[in-house]
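# Overview (structure and organization)
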Amino acid sequence: MATTAGCAWDIRSLAQDWSGGERVLREAEEALERAGETGYRSTVAANLAAALFEQARLGEAEHYSRLSEKLGATDDVITT
């Protein structure tokens, strides 16, 4: 589920369903955190930041943006 969240996010973002996208990304982010996974989690966190930004929840968006930056590799072109 966590690794397919990107596909669900793509569909939700195209539909501008920001709260639906947030819901699927939060579930994935929490699962990835529990698993100790960081590579894919950085991308999920970046997408979650975008979903929150679109809902004008700027404080939360900033939190996940910073988390993505912290977790992501410097050469990760998808996250950055």
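One can find the structure itself at the top, above this paragraph.
Residues numbered from 1 in each chain as written. Predicted model: local features only at pLDDT ≥ 70, side-chain atom pairs only at ≥ 80, totals over all residues. Heavy atoms only, no water.

Attention shifts here to the overall build of the protein chain. If you tally the helices and strands in the protein chain, you get four helices and zero strands. Of the regular secondary structure in the protein chain, the N- to C-terminal order runs α-α-α-α. What you see for the protein chain is a C-alpha radius of gyration of 11 Å, in line with the 12 Å of a compact globule of 80 residues. If you line up the protein chain on its principal axes, its C-alpha atoms span 30 × 25 × 25 Å. Looking at the protein chain as a whole, 40% of its 80 residues are labelled buried. Relative to all contacts within the protein chain whose residues are 6 or more apart in sequence, the contacts with residues 24 or more apart total 53%. For the protein chain, the accessible surface area stands at approximately 4,800 Å², while carbon and sulfur atoms represent 53% of it. In the protein chain, 8 side chains carry a positive charge and 14 a negative one; their mean positions are 5 Å apart. (Helix = DSSP H or I, 4+ residues; strand = E, 2+ residues; numbered from the N terminus. Rg over C-alpha atoms; globule rule 2.2 N^0.38 Å. Buried < 20%, exposed > 50% of the residue type's maximum accessible area, 1.4 Å probe, protein only. Contact = heavy atoms within 4.5 Å. Areas by Shrake-Rupley, 256 points an atom, 1.4 Å probe, with all protein chains shown as cover. Lys, Arg positive; Asp, Glu negative; His and termini not counted. Charge placed at Lys NZ, Arg CZ, Asp CG, Glu CD.)

What follows is about the pattern of salt bridges. According to the stated counting rule, one finds eight salt bridges in the structure shown. The salt bridge partner of Glu22 is Arg26, with a shortest N-O separation of 2.8 Å. Of this pair, Glu22 and Arg26 both sit in helix α2 (residues 18–35), four residues apart, roughly one helical turn. Looking at Glu22, the relative accessible area reads 9%, which means it is buried. In this structure, Arg41 engages Glu29 in a salt bridge whose closest nitrogen and oxygen atoms are separated by 2.6 Å. (Salt bridge = Lys/Arg side-chain N within 4 Å of Asp/Glu carboxyl O.)

Right, let's get into the nonpolar core. With 19 residues, the main nonpolar core has Leu25 and Tyr64 as its most contacted residues. Elements with a minimum of two residues in this core: α1 (5–14), α2, α3 (39–54) and α4 (58–71). With sequence-adjacent residues up to four places away left out, Tyr64 is seen in contact with Arg26, Glu29, Ala45, Ala46, Leu48, Ala49 and Leu52. (Core = buried A, V, L, I, M, F, W, Y, C linked by side-chain atoms within 4.5 Å.)

A word on the packing of aromatic side chains. Two descriptors summarise a pair of aromatic rings, namely the distance from one centre to the other and the angle between the planes of the rings. Under the definition given, this model contains one aromatic pair. Pairing Trp9 with Trp18 gives two aromatic rings, centres 6.0 Å apart and planes at 45°, and the pair type is tilted. Comparing Trp9 with Trp18 shows no difference in burial state: the two are buried. (Phe/Tyr/Trp six-rings, centres within 6.5 Å; stacked < 30°, edge-to-face > 60°.)

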